[in-house]
Structure formats: C-alpha cells, structure tokens
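Below, each chain spelled out in residue letters.
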Amino acid sequence: MAQNPPVGGRTRRRPQARARCALSLLTAGVLAAAGVVALAGTAQAAGALGDAAAAKGRYFGAAVAANHLGEAAYASTLDAQFGSVTPENEMKWDAVESSRNSFSFSAADRIVSHAQSKGMKVRGHTLVWHSQLPGWVSPLAATDLRSAMNNHITQVMTHYKGKIHSWDVVNEAFQDGGSGARRSSPFQDKLGNGFIEEAFRTARTVDADAKLCYNDYNTDGQNAKSNAVYEMVKDFKQRGVPIDCVGFQSHFNSNSPVPSDFQANLQRFADLGVDVQITELDIEGSGSAQAANYTKVVNACLAVTRCTGITVWGVTDKYSWRSGGTPLLFDGDYNKKPAYDAVLAALGGSGGGGDDGGEGACTATYTRTSTWNGGYNGQVTVKAGGSGITGWAVPVTVASPQKVSAVWNGTPTTAGDVMTVRHSWNGTLAAGASTTFGFTVQTNGGTSAPVVGACTAS
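Residues numbered from 1 in each chain as written. Predicted model: local features only at pLDDT ≥ 70, side-chain atom pairs only at ≥ 80, totals over all residues. Heavy atoms only, no water.

(A) Representation of unusual backbone geometry in the model. The peptide bond linking His125 to Thr126 adopts the cis configuration, its omega dihedral lying at -10 degrees. Here Thr126 lies in strand E4 (residues 121–129). The residue Asn101 is not glycine, and still its phi comes out positive at about 60 degrees. (Helix = DSSP H or I, 4+ residues; strand = E, 2+ residues; numbered from the N terminus.)

(B) Structural detail: the packing of helix H7 (residues 194–206) against helix H8 (residues 224–239). For the pair H7 and H8, the least separation of the axes is 12 Å and the interaxial angle reads 50 degrees. Looking at the two axes, H7 sits oblique to H8. The element H7 and its partner H8 pack so that their crossing is right-handed. Facing Ile196, Glu197, Phe200 and Arg201 of H7, the residues of H8 in contact are Met232, Phe236 and Arg239. Residue classes in the contact of H7 with H8 are distributed as four nonpolar, no polar and three charged. (Axes fitted to C-alpha atoms, helices over the stretch in contact; angles between N-to-C directions. Parallel < 35°, antiparallel > 145°, perpendicular 65-115°, else oblique. Left-handed = near helix turned anticlockwise from the far one by under 90°. Contact = heavy atoms within 4.5 Å. Nonpolar A, V, L, I, M, F, W, Y, C, P; charged D, E, K, R; others polar.)

(C) How the structure looks around the packing of helix H9 (residues 262–270) against helix H10 (residues 287–303). Put simply, H9 and H10 touch, their axes get as near as 9 Å, and they point 30 degrees apart. One finds that H9 runs roughly parallel with respect to H10. Seen from above, H9 lies across H10 with right-handed handedness. Listed contacts from H10 to Phe262, Gln263, Leu266 and Gln267 of H9 are Val297, Ala300, Cys301 and Ala303. In terms of residue class, the contact of H9 with H10 is built from six nonpolar, two polar and no charged.

(D) Representation of the packing of aromatic side chains within the structure. Applying the stated criterion across every chain yields a total of 17 aromatic pairs. Seen in terms of ring centroids, Phe82 and Phe330 are 6.4 Å apart; in terms of plane orientation they differ by 65 degrees. Their pairing is edge-to-face. Of this pair, Phe82 sits in the loop between helix H2 (72–81) and strand E3 (84–87) while Phe330 sits in the loop between strand E10 (307–312) and helix H11 (338–346), and the two are 248 residues apart along the sequence. For the pair Phe82 and Phe330, one class covers both residues: buried. Chaining the aromatic ring pairs together yields one cluster made of Phe60, Phe82, Phe330 and Tyr340. The ring of Tyr217 has Lys225 sitting right over it, with the charged end atom 3.7 Å from the ring centre. Across the ring face of Tyr230, the terminal group of Arg268 is positioned such that the distance to the ring centre comes to 4.7 Å. (Phe/Tyr/Trp six-rings, centres within 6.5 Å; stacked < 30°, edge-to-face > 60°. Buried < 20%, exposed > 50% of the residue type's maximum accessible area, 1.4 Å probe, protein only. Lys NZ or Arg CZ within 6 Å of the ring centre and 35° of its normal.)

(E) Spatial organisation of helix H5 (residues 142–159). When the terminal C-alpha atoms of H5 are compared, their 26 Å separation across 18 residues agrees well with the 26 Å that a helix rising 1.5 Å per residue should span. Here the buried face of H5 lies against helix H3 (93–96), E4, strand E5 (166–171), helix H6 (186–191), H7 and strand E6 (211–216). (Expected span 1.5 Å × (residues − 1).)

As structure tokens, this is what we get:
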C-alpha cells in the first residue's frame with residue numbers, strides 16, 4: 001500500500017476500512033464493561049494522565065518527536081500529562097543506521113534524555129520493519145541481510161540497554177485482508193518466516209530485562225490478521241521463543257471504528273501469557289463521540305489485567321500524522337478536548353482539581369442504599385471542593401449483564417459503554433456542599449459493583 005506523506009514527522013500507512021428530576025427511565029441500560037477495576041470509594045483526582053494510569057498499575061504515554069521538544073507548549077504538555085514516551089521516528093532503521101554499521105543516535109538520545117530527566121518510561125520503536133529502511137538494506141543477499149539485521153538489533157539495543165521498558169522488536173509483518181499471510185518484505189522474502197523468531201532471540205541475548213513485543217495495526221479485533229498473529233504468539237510461547245508482549249496500534253476512524261470485541265481480543269492474547277499494550281492510539285473525530293470511543297479503549301485496557309499501558313500517537317492534533325481528523329487529546333493550541341476529560345475520568349482522575357478539593361474540584365462517592373432479589377439502588381454523593389461549582393458530571397459504568405433501569409436527581413446520557421449523570425436542579429453547590437443522585441440496577445445475575453468515575457465540575 002502506498003504510504004501517506006509524513007505529517008509532523010510521522011510516516012506510516014493509514015489503516016483500512018474496518019429529575020429535582022422525576023424518575024427517569026433509561027431506554028437502554030449501560031452497556032457492558034465486564035472486568036473493569038472495582039470501585040474504591042471516592043474518585044480522586046490524579047492530576048495528570050500518567051499519574052492516573054500509574055494509580056491503576058499502568059503507564060499512559062505519548063509518541064514524541066525530538067524536533068518539537070524545543071517548543072515550550074509541547075514540552076510542558078508532555079511533561080505535565082504523560083508518564084511514558086515513544087520516539088515517533090528517531091529509533092527507526094533509517095534514522096539510526098542510514099549507512100551500514102554507522103550509527104547515529106543523537107535525535108533518539110534527546111528524547112530518551114528528556115524522558116529520563118522527567119522520570120518517564122521509554123518504549124523502543126522499532127527494530128525490524130519493512131518500512132523506513134535505508135536504501136542499502138533491501139539489495140542485500142540473504143546471508144548478508146541476516147547479519148545486518150542481527151547487528152542492527154544488537155547495536156541499537158546495546159546503546160539503550162537499561163533505558164527501555166519495552167521494545168517493538170518486529171513491526172507489521174502480516175498482510176492486511178483475509179489471507180493471514182506474512183507481508184512481503186526484504187526480511188520475509190529472503191529469510192522466510194523464521195526471521196521474526198530470530199529477531200526476538202537476538203534481542204533477548206542483548207537485553208534480558210526489556211519487554212520484547214510484536215506490534216501491528218488492524219489487529220484490534222478478531223480477524224484473519226489478528227488470528228495469524230495470535231497463532232504465531234501461541235507457537236512462540238509453546239516453544240520458548242522470548243516474546244513478552246503484543247502491541248495493538250489502535251488507529252481508529254469512522255471507517256475503522258473501535259471493534260466491539262476489542263476487549264475480548266486483548267484478553268485472548270493476554271491468556272497466552274503475554275502482556276498487551278495499546279501502542280499508537282488515535283481516534284479521529286471530535287466532541288462526545290470521540291470522547292466515548294476513547295473511554296471504550298481505556299476501559300478495555302483496565303478490564304484486562306495484563307494490559308500494561310496505553311500510548312497515544314502524538315501530543316497535539318497539529319502534529320498528528322492524521323491532523324485533519326483531529327485524533328488526539330489536545331487540540332492544535334494544546335487545549336484539553338472532551339476526549340482528554342473522558343480518558344482522565346476513565347482512569348479515575350479528575351479534570352477539575354487535585355485530591356485536596358481545590359478550586360473548582362468535586363468528588364463522587366458511591367454507596368449501595370438497598371438490595372433485593374434481582375436488583376439494588378445505588379447513591380452517589382457529589383461534593384464541591386474548596387470553592388463553589390455551578391454544575392457537575394459523573395460517569396457510571398455497570399458490568400454486563402447488569403443494566404440501569406432508572407435514575408433520579410440527575411440527567412443521564414449514554415455514550416458507548418458509559419452512562420454520564422449530570423446535574424438537573426442540583427448543580428450549584430457552595431464550597432464543601434454536597435448533593436446526591438441515585439439509580440436502580442437490574443442485576444440479571446451479575447454481582448459486580450458499579451464503577452463510578454471521577455466527578456467533573458463546572
């Protein structure tokens with residue numbers, strides 16, 4: 001497939017098409033979010049995406065371009081929000097070994113040094129990929145190509161040994177479409193199917209501690225391509241090939257939406273004994289629809305114990321490789337978008353302030369008030385922080401097969417898997433004042449407590 005031109009330094013393919021409120025009866029219950037991390041009382045702010053994710057035992061990172069680190073707004077947003085970085089292009093073969101056995105790490109070193117100075121983790125991307133190869137690689141004969149591949153892996157990983165938590169060892173080695181076949185590339189065509197295993201075995205000899213990942217796109221749901229990757233990973237695990245993780249790029253748009261079986265697909269890979277990571281997340285769109293899709297992805301990762309982290313592919317829309325689709329969490333002026341608030345809420349943080357109940361903050365605390373055979377009532381207490389607020393919103397997720405049948409003292413809307421309850425008559429609260437809303441749940445045999453996300457104040 002032809003490549004898109006670089007946008008903001010990113011070169012890659014675009015994925016293919018794939019009340020006082022009277023009792024309010026919901027026409028549809030909240031959709032499934034099975035396995036979501038259980039409620040832990042008050043939803044407290046974590047202050048930033050990286051901190052909120054870390055509180056859930058995960059990382060939340062961004063792809064970074066070295067040439068933007070000199071832009072104050074770019075660097076300050078990165079530093080304030082993210083706990084992990086992935087170099088966009090700076091570790092790819094053409095960037096670090098443009099001439100054979102002549103390595104240049106300056107741009108990638110800048111990103112790694114910045115990350116280390118801020119206490120961020122680093123993902124290494126990528127060691128073996130058919131794209132962005134320097135011209136000298138493709139003409140090599142098989143024996144020479146094998147030597148070059150193993151030397152490249154060895155030299156790059158040695159340079160960054162101890163600084164990388166996960167490496168994309170091999171990237172995008174499978175075809176799109178229904179064949180499940182390997183992609184034609186210099187490595188596949190000359191070294192055969194074994195090149196992937198060899199790359200992983202070489203990588204392990206260099207660094208025994210870094211996580212070794214296979215990374216691909218259009219594998220987010222179950223399909224021929226993801227099935228082929230699944231079978232490879234299963235085979236590797238059975239034979240002791242050193243693979244630790246699988247990366248799901250997760251580039252979504254209207255033609256390739258978040259698949260309905262996204263969580264189940266992550267889980268089946270995790271069940272093989274590997275970590276799963278969402279490695280290049282971006283979702284085209286805007287407003288509440290985009291926010292709902294981001295929530296789906298975050299909730300899916302939280303529901304899979306071995307989903308260890310999420311990386312969004314860029315910091316700001318203006319530098320995205322899909323900038324026209326405005327797919328990221330910050331707009332071109334570094335303003336937080338509704339998608340940002342949704343992600344932070346899903347992670348248990350709050351866009352309204354810190355743990356201390358500061359200005360404009362609110363908290364949401366859940367209590368089950370009554371239970372009967374087949375159902376229960378829940379109540380959420382919303383409390384203003386150090387100053388008054390004029391409105392609030394609280395996301396509530398109920399695990400399938402449970403369904404919400406009624407809500408009172410609040411106005412519910414559903415978007416994706418999340419019911420968001422907003423104030424009705426009770427939005428204005430003085431500093432330290434509180435109000436409540438309640439809801440009825442039909443359990444349908446389910447026993448999980450609902451997950452009440454962070455309160456967002458206005």
